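So the chains spell out like this:
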Amino acid sequence: MILEALEREGVEYIFGYPGGANLPIYQHLHEHPKLKHILVRHEQGAAHMADGYARACGKPGVVFATSGPGALNLVTGLCTAYMDSVPMIAITGQVVSTQVGRDAFQESDVIGATSSVTKHSYLVTKIDQLPRVIHEAFHIATTGRPGPVLIDICKDVQQADAERVNTEYLEIPGYKLNGHVNLDGARQAAQALAGAERPVILAGHGVLLSHAERELMQLAEAAAAPVGTTLLGIGAFPVKHPLSLHMTGFMGTGWCLKAVQNADVLMMVGMRVDDRVTAKLSEFAPNVKTFIHVDIDESEMGKNVRPHIELVADARLALEAMVPQVTKVDAGRAKWLGQIDKWREEHPLRYRQSNGQLQPQDVLIDMYKRARSEAIIVADVGQNQIWAALWWNYDRPGLFINSGGSGTMGFALPAALGAKFGRPDLPVWCVAGEGGFVMTAQELSVAVEHQLDVKIVLLNNRSLGMVRQFQDDFYGGVRSQVDLTHMPDFVKLCEAYGLPALRVEKFEDIAPSFDAAERTKGPFLIDFRIDPEANVYPIVPLGKGLGEFREAPEYA
Amino acid sequence: MLEIKPKPAVAAPQTHNRIRVLSLLVVDGQNTLTKISGVIRRRGFHVRGISVGPSRQPGHSRITLQIDHGHAEADQVRKQLERLVEVVEVEDLTGDDVHNRELVVATVAASELDALLKRGAKVLSTGSDGTTVEFSGDADQVADFVNELARHGIIDVVRSGPVVMRKSE
């Protein structure tokens, strides 16, 4: 019944783990050869795989887990998907309906534990609810602002049979979809942007989710307005475009932050305007006279920044409506763009190249030369994530995947495997620090089992680098619990798991190691022993305004 | 929530201007109230009054909420609640011309009840351990009534949350 419904929804992959409370589903899995089930090694891995799959191919990721610990192990993965608006369906087994509330074996209140990290959730206690619930769940997960939906199904319901009902017709009175564009608002927004002396557009994940990259480009070029992206919006606008400001936020580029802080009109599209984007809120974009906010979720309006013009709509439709409304561009535009070019020269991205140690940026630059814009990069969380965001010139959408809102360490490996299942036609690279990598390293078994062609780039600095950098710079230089000297020998670890690996300690060995990785079919890991003192720059000190960003020292 | 001590003075809360009055139409279901209260807690709002009852629509309930919106923009309460699939409709009645009714039931020791009856109280029962009365009114009237009750020696008192309806034009 459940599996049939999933087939009808067009599901190809299920990432899951069986247990007592979902045995009835697994009993019939073999009767549905169209559904390919990937046995993970921990349920968190399943959630991240489904997440990576969904982000890479756009289809909702599907997860199975049993009751109690199985379902609770999904919580971090659900939160990761929820914070980044990723469509996902989690189907969890629940104890028999007559046992609910009796503290049965492996019983837990899954709805209670997950309702703050899901877009919606259902507890199914009767078979006749099931077909409608599954169809609704897919609709809710994938429409509007996408997100994870959890269906908790009692074991007796899994065993029951029901008549197939017509699921074409959906009636969800409490589910409101905002798609319609207020044309007046669009005209006002377009004219404010074009008529501004110093406009800036910031693009978030919503631009990618609604496939609005073309319309964004048209608007930016028509209004001659520069475009920065959030960490999750990377790829929404090509980094090498003359109007690109690269990444914004508290680890964004100096020229983007200068532009934001000096802008008089700021248009924010498909983004939540969270604290990592604004830094100190009271000092965010202090010269802006007109904030314009475009988002499909009405609750984002004024949640953090009160816009003067708000458009609650799909980003693509809103931008499309704005483009023809751009008529007269302000005469001072060339001066503004010239100023930004000057900031670009004054505040370049730079890193230490002179101390003889292996620098993470060198590794990433070599990777980019090979991958160009033909590979998906899945980054973990921490310094590796920001380096991978800043040192690649993403010029196409959908090539950079990372856990932005939740900042979940351990995300990269399982998400990269999921991305490869979703886009087997593209090379997939996983970039991670050794700290996050070991949090979900058991999923290497999945990579080996399915011979997934995923190349793992470990930026190993023998410490929790981002925390170490914060302690050095903002917490009095007291290094506390960041030393990761005691870690496995990753080459031997890979050998134990059954995949080839190399260790690289010198600059000269970067290229040959990538050659070896590219020659090898299937998974491959390179343990880059990078400079343990390498830092992420620019960075805005915690609690300060965006204008106070610190840059990399001018290394000799 | 509301704690009534058998003493006068029910001071208006300092946060009076942060209170939103909302009327919600919700789908009946085992998860509905959990999800609504979860959103309220998670977003830093605070419930000052709540009442739940059936609505005219089968399968749906009407919830009246008085909510302190905390440090968030006032309209965030409505927007965040509207995100819930269980919530069909949210009407913000703050500042509107409304009927706002609350109910209080109290048992008092005194047998001289003229002052209470003059205010519109109704006697529900009398017994050896006191007289039980009920009274309904808007928030101020109920607060006044509770103050008056205190002079009669309150043995027990319970108050409902508010029910609010927009006045017809």
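Being a predicted model, the structure only gives us computed values, none of them experimental.

*Asks:* Could you give me a rundown of the environment of A:Thr440, with the residues and numbers involved?
*Replies:* Residue and element names in this part refer to chain A. Inspection of the secondary structure puts Thr440 in the loop between α19 (434–437) and α20 (444–449). Accessibility expressed as a relative area gives 1% for Thr440, which makes it buried. As a C-alpha pair, Thr440 and His48 span 392 residues in sequence and 9.8 Å in three-dimensional space. In contact with Thr440, other than residues within four places in its own chain, are Gln44, Gly410, Leu413 and Pro414.

*Asks:* Residue-level account of the sheet that holds strand β3 (residues 61–65) of chain A, with values.
*Replies:* Residue and element names in this part refer to chain A. Overall, parallel pairing links the six strands, which are arranged β2-β1-β3-β4-β6-β5 in an open sheet. The sheet is open, and its two borders are formed by β2 (36–39) and β5 (120–124), each paired with just one other strand. Recorded for the sheet is a direction-independent mean angle of 20° between the axes of neighbouring strands. Here strand β1 (residues 13–16) pairs with β3 via two bridges, running parallel. Residue pairing across strands places Gly16 opposite Phe64, the latter belonging to β3.

*Asks:* Kindly report on helix α16 (residues 360–371) of chain A, identifying the contributing residues and their values.
*Replies:* Residue and element names in this part refer to chain A. Between its first and last C-alpha, α16 extends 16 Å over twelve residues, near the 16 Å set by a 1.5 Å rise per residue. With nine of twelve residues buried, α16 is to be regarded as a mostly interior element. Within the sequence span of α16, burial applies to Pro360, Gln361, Asp362, Val363, Leu364, Asp366, Met367, Tyr368 and Ala371. Residues of α16 that are buried in the fold lie against β13 (376–379), α17 (383–390), β15 (428–433), β16 (454–460), α23 (510–519) and β18 (524–529). At the exit of α16 stands Arg372, carrying a positive phi of roughly 50°.

*Asks:* Help me get a handle on the interface of chain B and chain A, residues and values and all.
*Replies:* Quite often, the size of an interface is put as the accessible area lost when its parts meet. Counting from both sides, the interface comprises 18 residues of chain B and, opposite them, 21 residues of chain A. Applying the counting rule to chain B against chain A returns three salt bridges. Note that A:Glu298 is salt-bridged to B:Arg78, the shortest N-O span being 3.0 Å. Elements with a contribution of two residues or more to the side of chain B that touches chain A: α1 (32–42), α2 (76–82) and β4 (87–92) of chain B.

*Asks:* I'd like a description of the nonpolar core, backed by residues and values.
*Replies:* Residue and element names in this part refer to chain A. Judged by nonpolar contacts, the single largest core of 159 residues is most densely connected at Leu6 and Phe528. Other than its neighbours up to four places away in sequence, Leu6 contacts Val11, Ile14, Leu35, Val62, Phe64, Ile91, Ile134 and Phe138. Counting 37 residues, the second largest nonpolar core, distinct from the first, contains Ala236, Val265, Ile292 and Val323.

*Asks:* Summarise the side chain of A:Ser108; cite the residues concerned and give the values.
*Replies:* Looking at where A:Ser108 falls in the secondary structure, it is placed in the loop between β4 (88–94) and α6 (110–114). With residues near it in sequence (within four places) discarded, A:Ser108 still touches A:Gly68, A:Leu72 and A:Gln94.

*Asks:* Would you mind going over the pairing of strand β11 (residues 290–295) of chain A in detail, with residue names and values included?
*Replies:* Residues and elements named next belong to chain A. Across the six residues of β11, six count as buried, placing the element largely inside the fold. Along β11, one buried face is formed by Thr290, Ile292 and Val294 and the opposite face, lined by Phe291, His293 and Asp295, is buried too. Inspection of the sheet shows strand β10 (residues 265–269) paired to β11 by five bridges, in the parallel sense. Bridged to Met267 within β11 is Ile292. Sheet topology note: the β11/strand β12 (residues 309–312) ladder contains four bridges and is parallel. Looking across to β12, one finds that His293 is bridged to Glu310.

*Asks:* Report on the packing of helix α3 (residues 43–57) of chain A against helix α5 (residues 75–83) of chain A, specifying residues and quantitative values.
*Replies:* All names here are of chain A. Running from amino to carboxyl end, α3 crosses α5 at an angle of 20°, the nearest separation of the two axes being 7 Å. By the angle between their axes, α3 is roughly parallel relative to α5. Considering how the two elements wind past one another, α3 and α5 form a crossing that is right-handed. When α3 is examined against α5, the residues Gln44, Ala47, His48, Asp51 and Arg55 are found in contact with a partner set consisting of Thr76, Gly77, Leu78, Thr80 and Ala81. Here the residues of the contact of α3 with α5 are counted per class, giving three nonpolar, five polar and two charged.

*Asks:* Talk me through the confidence of the model for chain B; I want residue IDs and the actual numbers.
*Replies:* On average, residues of chain B carry a pLDDT of 89, and 91% of them reach 70 or more. A low-confidence stretch, residues 1–14 of chain B stays under pLDDT 50, and its non-local contacts, those more than four residues away or across chains, total 14 contacts.

*Asks:* Could you give an account of empty space enclosed by the protein, with specific residues and numbers?
*Replies:* All names here are of chain A. Summed over the entire model, instances satisfying the criterion amount to two cavities of 30 Å³ or more. Lining the largest cavity are Thr229, Ile234, Gly235, Phe237, Val239, Ser244, His246 and Tyr394. Along the lines of polarity and charge, the residues of the lining of the largest cavity split into four nonpolar, four polar and no charged. Looking at the second largest cavity, its volume works out to about 30 Å³. Lining the second largest cavity are Tyr368, Arg372, Ser373, Ala375, Trp392, Asn393, Tyr394, Asp395 and Leu399.

*Asks:* Could you give me a rundown of the domain arrangement of chain A, with the residues and numbers involved?
*Replies:* Residues and elements named next belong to chain A. Partitioning chain A into domains gives domain 1 (2–159), domain 2 (183–346) and domain 3 (360–536). Domain 1 puts 22 residues into the contact, and the matching count from domain 3 is 26 residues. Inspection of the region where domain 1 meets domain 3 yields one salt bridge. Measuring nitrogen to oxygen at the nearest pair gives 2.9 Å for the salt bridge that ties Glu449 to Arg41. The tally of links between domain 1 and domain 3 comes to seven residue pairs in polar contact (both at pLDDT 80 or more). Broken down by secondary-structure element, the contributors of at least two residues to the side of domain 1 that touches domain 3 are β1, β2, α3 and α5.

*Asks:* Can you lay out unusual backbone geometry for me, pointing to particular residues and giving the numbers?
*Replies:* Residues and elements named next belong to chain A. A cis amide bond links Tyr537 with the next residue in sequence, Pro538, at an omega value of -5°. The topology assignment puts Pro538 in the segment after β18. With phi around 55°, His211 is a residue other than glycine that occupies positive phi space. Relative accessible area serves as the criterion here: at 56%, His211 is assigned to the exposed category. The residue Ala279 is not glycine, and still its phi comes out positive at about 55°. In this fold, Ala279 is placed in the loop between α13 (275–278) and β11. Here Ala279 falls in the buried class, since its relative accessible area comes to 17%.

*Asks:* How would you sum up the sheet that holds strand β8 (residues 227–229) of chain A? Please name residues and give values.
*Replies:* All names here are of chain A. The sheet built from six strands is open, its strands ordered β9-β8-β7-β10-β11-β12 with parallel pairing. On the outer flanks of this sheet lie β9 (244–247) and β12, each paired with one strand and no other. The sheet shows a mean angle of 15° between the axes of neighbouring strands, direction not considered.

*Asks:* An account of the domain arrangement of chain B is requested, with residue identities and associated values reported.
*Replies:* Residue and element names in this part refer to chain B. The assigned domain composition of chain B is domain 1 (16–92) and domain 2 (99–166). Each of domain 1 and domain 2 has a C-alpha centre, and these two points are 27 Å apart. At the junction of the two partners, domain 1 supplies eight residues and domain 2 supplies seven residues. Summing the contributions of domain 1 and of domain 2, the shared interface buries around 530 Å²; its carbon and sulfur component is 47%. If you sort the residues of domain 1 by the area they bury against domain 2, Ser51, Thr64 and Gln66 come out on top, with a joint share of 54%. One can count one salt bridge joining domain 1 with domain 2. Between Arg166 and Glu91 there is a salt bridge, with its nearest N and O atoms 2.4 Å apart. Summed over the shared surface of domain 1 and domain 2, the result is two residue pairs in polar contact (both at pLDDT 80 or more).

Rules used throughout
Residues numbered from 1 in each chain as written. Chains lettered and ligands numbered in written order. Predicted model: local features only at pLDDT ≥ 70, side-chain atom pairs only at ≥ 80, totals over all residues. Heavy atoms only, no water. Helix = DSSP H or I, 4+ residues; strand = E, 2+ residues; numbered from the N terminus. Buried < 20%, exposed > 50% of the residue type's maximum accessible area, 1.4 Å probe, protein only. Contact = heavy atoms within 4.5 Å. Pairing = 2+ DSSP bridges. Axes fitted to C-alpha atoms, helices over the stretch in contact; angles between N-to-C directions. Expected span 1.5 Å × (residues − 1). Salt bridge = Lys/Arg side-chain N within 4 Å of Asp/Glu carboxyl O. Core = buried A, V, L, I, M, F, W, Y, C linked by side-chain atoms within 4.5 Å. Parallel < 35°, antiparallel > 145°, perpendicular 65-115°, else oblique. Left-handed = near helix turned anticlockwise from the far one by under 90°. Nonpolar A, V, L, I, M, F, W, Y, C, P; charged D, E, K, R; others polar. pLDDT = per-residue confidence, 0-100. 1 Å grid on protein atoms, 1.4 Å probe; cavity = no way out; pocket = protein on both sides within 12 Å on 5 of 7 lines; lining within 4 Å. Points joined across faces, edges and corners; volume = space filled by probe spheres on them. Domains from an automatic or database assignment. Polar contact = N/O pair within 3.5 Å; in protein donor to acceptor, adjacent residues only side chain to side chain. Buried area = accessible area lost by both parts, 1.4 Å probe.

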